[in-house]
Amino acid sequence: MVYLAPPHLASAARPSYGEAYSNVLARHRRSPLTSASSVILLVAPDVDALCAARMLAELLSQDDVMHRIIPVSGIAELEAMKDELATYNELHTLILINMGAILDLPSPTWFGEFSTGLTVHVIDSNRPQNLGSLFGGGDIGDRIVVWDDGEAENMEEERRAWEALEAQPDSDEESLSSSEDETPFHSQDDVSESSRKRKLPIDSDHARAKRQKVNLFPSGLMVSHCRLLQPNRMSRDERLRYQSVVDKHYARGSWYSQSASATIYILATVLERADRDLLWLAILGLTYQYTSSRISRDAYEKFHSIYYDEVARLNPLPPGTKSTADAITALSPDDLSIRATEEFRFTLFRHWTLYDAMFHSSYVAGKLGIWKERGRKRLTGLLAKMGFSIPQTQQPYTHMDLDLKHQLRVKLDAIAPEYGLIELTYPSFIRCFGYRAPPLSAADAVDAISALLDVAGGVRIEVEVEGARHGGEWFGGGRVWKTARPDVADPAKATPSENDTNQDEVRSVAEERTEVPWWMKNFWAAYDALTDILSLRDALSLSMSLHRAIIRQGTTIIDKQDIRTMRSHRVVVLSQGPDLALFAHPGVLSRLAHWLIDALRDKLPGTKFTHGKKSLPFVLACLNESTSTYIVVGVMGALEFGDVRKNEFGLAFINAKDRCNARSSHNSFNTSVLEIDREDLKTFLEALCEVGEGY
């Protein structure tokens, strides 16, 4: 049993992050085979994982540890990568970032049969965690190291139940097998082998069928015979009670805990290496969790208070410096400081027009109903009542009068509550970039990085050219977004060499690059943008185009009343439209689902999907014409703004597809994302209704 407690819960018997990192360094320095494949980081494609990987890579580089970063898109990709990793003889440390928490990693299916010299570290914010990985012992279990946030310390009941079931596997199955084979005595090897089996989070149909088959047999003689052989066996009631505890652990839905970037920042603090760059990345990871509705407002403020103290410690302002939240500027050409601010819930308002920023805000959309003409007039009326003229609100925020910028917060506090806008701000951070760029808020940076991950490649999307507004977009002012990295030469534009072999090499490199999947290109573009302010600012226009597409599609869905109301959830199916290819990306489809929830939160009654609290469960399905499949996303929205519900769609999707035998695949680490065959969507949605109604 190896799970790491955070430093404040660590003890001599329970190591923490610092000890685990020291073990990685020691293993690397003792290893006779040292290469970049000795330490490998497998990283999920989300903003938090990107930030954590960048932070950990920086720490490893400071310690002269060669390592590799490999992006992994989902479960299927991880399975393929596992087979490749088995061929790396020099591999001794594998670090999974935002993946692997739910998987039974000590089992032979994953890393149970790998070399005993391999240690797998799991740094994952996804919950629930697999009990086998958390509490498994022995040679295999001790090589799985879970970097926990203290949650495992409160799982004593689950640990006892899991250990009891592992110590005594299903007695009914063993009794049945011993009766059929007429060999009531098991060898020691058989018992030890069965005791090492791990239970999956979800019972398989085969296991359920075996239990039903067992119940058909007269149990009196068989049970008494087993009790004579093993008098300390647990009773059937005890087994059912333990099994119900384990089942409840996995069946209560999925949620998110401490961000992976926060875990790495705690490690950096323990190592006394925390600096502004690492702090900024940790802030981005936290902001991503909050803006994507992965954590509640309370959880966000808990970590925000910690980072607020860190900002004050690492970024002391010169004496006499006055800094307001409305006009934060760099103090010098080399100012790279981070400052606390109150962030508006207006989308990219520092880089857009004030009207567009409010128009594309999901919070403002829900309160004013901007998908209707009346809602748009209310927005214009709000700005007019504040004393902001239409020309002022239609020009870029940076060009607005300075007096209006200073008055914006005061005017909104006075007038916005009349329109129901009472939570327009939340505490956040902003960073200065000296002479290279104007200050950039954490929310805007996360928006840009998310856009790079989702749609930088793999789909055609137009962005607005700066200065081409008011007609330019209609008359060729826009351009198609391209993901060409400026630091890598394009082989197609390479200067021909006199040596033909050089031309062949350039051609082969070009062929290799065409084989790189679009999501992997997006991953590296976003990874580079974390530390490149110029690339990050360029991606802001991509994010704006993405917001336009989301509100365009969301408005169409509401206007055409495409939302089908079931007893336990609501369904939207996208099968046509100009942005169909865009919403075939799970990340973009999830953002559309969250926009619909925010927009309709005050207008729809809450429902219970299975057994949890009332919420706003939405299921969105978008047709992927290239593969003739539907991407299905399930989102649980809370009734109160800032609250978060556990997502119950993961198990519901699995049960629904099993009931209807739908052809489907889980290609994402998000269990509430499913790819299903085009012909099976209707039967799948019908089966999902039965699951939601509790069968």
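Preceding this section is the structure that the text describes.
Quantities reported herein were computed from a predicted structural model and do not represent experimental measurements.

**Student:** Mind showing me how you'd approach the nonpolar core here?
**Tutor:** Generally speaking, soluble globular proteins have nonpolar side chains that are buried together. Ranked by size, the top nonpolar core spans 197 residues in total, and within it Leu42, Ile97, Leu284, Phe346, Phe583, Trp595 and Val632 carry the most contacts. With 12 residues, the single largest contributor to this core is helix α23 (residues 533–559).

**Student:** What exactly am I supposed to notice about helix α1 (residues 17–30) here?
**Tutor:** Counting along an α-helix, one turn takes 3.6 residues, and residues three or four places apart therefore face a common direction. The terminal C-alpha atoms of α1, which comprises 14 residues, lie 20 Å apart, in line with the 20 Å expected from a rise of 1.5 Å per residue. Buried within α1 we find Tyr17, Gly18, Ala20, Tyr21, Val24, Leu25 and His28.

**Student:** Help me out: how do you make sense of the packing of aromatic side chains in this one?
**Tutor:** Any pair of aromatic rings gets described here by the distance separating the centres and the angle formed by the planes. Counted by the stated rule, this structure contains 20 aromatic pairs. Between Tyr17 and Trp147 the ring centres are 5.3 Å apart and the planes differ by 15 degrees, which places this aromatic pair in the stacked class. Here Tyr17, found in helix α1, pairs with Trp147, found in strand β7 (residues 144–147); they are 130 residues apart in sequence, far enough to count as distant. Exposure remark for Tyr17: the relative accessible area of 0% places this residue in the buried category. We classify Trp147 as buried; its relative accessible area is 6%. Ring geometry for Tyr265 against Tyr307: centres 6.0 Å apart, planes inclined by 90 degrees, an arrangement best described as edge-to-face. Of this pair, Tyr265 sits in helix α12 (residues 260–270) while Tyr307 sits in helix α14 (residues 297–314), placing them 42 residues apart in sequence. For Tyr265, a relative accessible area of 3% gives the class buried. Every member of this aromatic cluster is reached through a ring pair, and the members are Phe344, Phe346, Phe349 and Tyr397. Residue placement shows Arg14 over the ring face of Tyr3; its charged tip is 4.2 Å from the ring centre. Positioned above the aromatic ring of Tyr242, the side-chain terminus of Arg241 is 5.4 Å from the ring centre.

**Student:** What am I meant to see in α23 here?
**Tutor:** Between its terminal C-alpha atoms α23 stretches 39 Å, which fits the 39 Å expected from 27 residues at 1.5 Å a residue. Of all 27 residues making up α23, 20 are buried, and the element is well covered by its neighbours.

**Student:** How should the packing of α1 against α12 be read in this particular structure?
**Tutor:** Packed helix pairs are specified by the crossing angle of their axes together with the interaxial distance, meaning the distance between the axes. Direction vectors running N to C along α1 and α12 enclose 80 degrees, while the axes themselves pass 9 Å from each other. One finds that α1 runs roughly perpendicular with respect to α12. Of the residues in α12, those in contact with Tyr17, Gly18 and Tyr21 of α1 are Thr263, Ile266, Leu267 and Val270. Its residues assigned to classes, the contact of α1 with α12 shows 5 nonpolar, 2 polar and no charged.

**Student:** Would you explain the sheet that holds strand β4 (residues 93–97) in this entry?
**Tutor:** Sheets are built from strands that pair by backbone hydrogen bonding, the pairs being arranged parallel or antiparallel. Here we have 6 strands laid out as an open sheet, ordered β1-β7-β5-β4-β2-β3, and parallel in their pairing. Either end of the sheet is taken by a strand with one partner, and the two such strands are β1 (3–4) and β3 (68–71). This element, helix α2 (residues 47–62), spans β2 (39–43), β3 and β4 of the sheet and lies at about 165 degrees to β2. Lying over the sheet, helix α3 (residues 75–85) contacts β2, β3 and β4, oriented at roughly 170 degrees with respect to β2.

The rules we used
Numbering of residues starts from 1 in every chain and runs along the sequence as written. Only residues with pLDDT of 70 or above have their local features reported here, since the model is predicted, and side-chain atom pairs are shown and tallied only from 80 upward, although totals for entire chains, interfaces and linings are computed over all residues. No hydrogens and no water enter the side-chain calculation; it runs on all heavy atoms of the structure. In plain words, nonpolar cores are sets of buried Ala, Val, Leu, Ile, Met, Phe, Trp, Tyr and Cys residues tied together by side-chain atoms within 4.5 Å. For every residue, the accessible area obtained with a 1.4 Å probe (protein chains only) is divided by the maximum for its type, and the residue is called buried under 20%, exposed over 50%, and partly exposed between those limits. Helix and strand definitions here come from DSSP, where helices need a minimum of 4 consecutive H or I residues and strands a minimum of 2 consecutive E residues; each element is numbered from the N-terminal end. Helices are assigned an expected span. That span is 1.5 Å times one less than the residue count. A pair of Phe, Tyr and Trp rings is counted when the ring centres sit within 6.5 Å of each other, with Trp represented by its six-membered ring. The angle between the planes then sorts it: under 30 degrees is stacked, over 60 is edge-to-face, the rest tilted. Lysine NZ or arginine CZ positioned within 6 Å of the ring centre and within 35 degrees of the ring normal marks a charge as sitting over the ring. Working convention: axes come from line fits to C-alpha atoms, limited for helices to the stretch in contact. Angles between N-to-C directions cover 0 to 180 degrees. If an angle is under 35 degrees, it is roughly parallel; if it is over 145, roughly antiparallel; if it lies from 65 to 115, roughly perpendicular; otherwise it is oblique. In what follows, residue pairs with any heavy atoms lying within 4.5 Å of each other are defined as contacts. Each residue is assigned to one of three groups, with Ala, Val, Leu, Ile, Met, Phe, Trp, Tyr, Cys and Pro labelled nonpolar, Asp, Glu, Lys and Arg labelled charged, and all others, Gly among them, labelled polar. Pairing between strands is defined by DSSP: at least two bridges between them are needed.

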